[in-house]
Amino acid sequence: MSVPPILAERIGADVMLVTLNRPHRKNALTDGMLAELEALCGRVAEDTSVRAVVLTGADGAFCSGFDLDGMEGMTSMPPLELQRRVERQAAAVRALYGLPQAVIAAVAGPCIGAGLSLALAADIRLAASDARCRAAFVRVGLSGGDLGASWLLPRIVGLGSALDLMLSGRTATAEEALDLRLVNRVVPGDALLPEALALAADIAANSPVAVAVTKAVVHANAGAASLADALARESAAQVVTAKSADVDEAVAAFREGRPPRFPGR
């Protein structure tokens, strides 16, 4: 029986652990894996019982990029056919980035090329001390503007640092990634998944409406043209959360000295 290349496992009641699972190839991606990831994200987005997602890779590797065996024949494809293929691949990144739930990438070992793009699409990135991040596209003759990297990376580390990584194709260690704010935290390898799951559980304990709306407004306001535009968007979002029953539950829980019990989104 073949082993699924992507595993989805519930951890507790409300956290989904998603594992890239091709350890013999250091979890290198294929077109099929990206299609499965896109479909899984579609299901998770509609599942109100899932309140946080952790994305990781099997056997101490996050993802070594797109499987080079799958790139054979790309240069001989007609341009329109190749464009459609690339757009299908990119749909997985768009689906991951667009999830209403918080997404935490738990990065160990290689996090390269397309794998880096998946990590960048997460909201929060935790790295093991052996993590190695690399925007390797130029090293194989491809544009670094692939799978969202040219949009995501500059927003996370700044334009100069993004160009440094993308034009050189060099490897950043976990400590450099932390210095660049490419990752939020570096932990020992054996603590990576427990810390990621603990953070996911902390987020999942909050109001799912508040988490989803906060994520949406932060994403939107990252590109706001002005403070006035950002404040207007925040005001509209705050009305949505204030009208949620989660606010009443949070106040009642505070008064009664108990943890809140929030319903689904």
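In the block above lies the structure referred to throughout.
Residues numbered from 1 in each chain as written. Predicted model: local features only at pLDDT ≥ 70, side-chain atom pairs only at ≥ 80, totals over all residues. Heavy atoms only, no water.

**Student:** Help me understand the packing of helix H3 (residues 114–121) against helix H4 (residues 149–157), please; the structure alone is not making it clear to me.
**Tutor:** Angle between the axes and distance between the axes are the two parameters that describe a pair of packed helices. Here H3 crosses H4 at 55°, and the two axes come no closer than 10 Å. When the axis of H3 is compared with that of H4, the two are oblique. Handedness of the crossing formed by H3 with H4: left-handed. Contacts from Ser117, Leu120 and Ala121 in H3 reach Ala149, Leu152, Leu153 and Ile156 in H4. Residues belonging to the contact of H3 with H4 are distributed by class as follows: six nonpolar, one polar and no charged. (Axes fitted to C-alpha atoms, helices over the stretch in contact; angles between N-to-C directions. Helix = DSSP H or I, 4+ residues; strand = E, 2+ residues; numbered from the N terminus. Parallel < 35°, antiparallel > 145°, perpendicular 65-115°, else oblique. Left-handed = near helix turned anticlockwise from the far one by under 90°. Contact = heavy atoms within 4.5 Å. Nonpolar A, V, L, I, M, F, W, Y, C, P; charged D, E, K, R; others polar.)

**Student:** Mind showing me how you'd approach the packing of aromatic side chains here?
**Tutor:** For the structure on display, the rule yields one aromatic pair. Ring geometry for Tyr97 versus Trp151: centroids 5.7 Å apart, planes at 90°, classification edge-to-face. Taken together, the residues Tyr97 in helix H2 (residues 79–97) and Trp151 in helix H4 connect sequence positions 54 residues apart. Overall, the relative accessible area of 23% leaves Tyr97 in the partly exposed class. Looking at Trp151, the relative accessible area reads 40%, which means it is partly exposed. (Phe/Tyr/Trp six-rings, centres within 6.5 Å; stacked < 30°, edge-to-face > 60°. Buried < 20%, exposed > 50% of the residue type's maximum accessible area, 1.4 Å probe, protein only.)

**Student:** Sorry if this is basic, but what is going on with H4 here?
**Tutor:** Note on helix geometry: an α-helix contains 3.6 residues per turn, so any two residues three or four positions apart are oriented the same way. Listing the buried residues of H4 in full gives Ala149, Leu152, Leu153, Pro154 and Val157. Buried residues along H4 sit against H2, H3 and helix H5 (159–168). Of the residues flanking the end of H4, it is Gly158, one or two places downstream, whose phi is positive at about 95°.

**Student:** Which parts of the structure should I look at to understand the pattern of salt bridges?
**Tutor:** When the charged atoms of two side chains with opposite charge come close together, those side chains can pair. Overall, the coordinates contain eleven salt bridges when judged by the stated rule. Put simply, Glu176 and Arg170 hold a salt bridge, and the shortest N to O gap is 2.6 Å. A relative accessible area of 23% means that Glu176 is categorised as partly exposed. Its salt-bridge partner being Arg185, residue Glu195 comes within 2.8 Å of it at the nearest N-O pair. With Glu195 in helix H7 (residues 192–204) and Arg185 in strand E9 (residues 185–187), this pair connects stretches of sequence that are ten residues apart. Relative accessible area serves as the criterion here: at 30%, Glu195 is assigned to the partly exposed category. Taken together, the shared-partner salt bridges connect Arg22, Arg25, Asp67 and Asp69 into one network. (Salt bridge = Lys/Arg side-chain N within 4 Å of Asp/Glu carboxyl O.)

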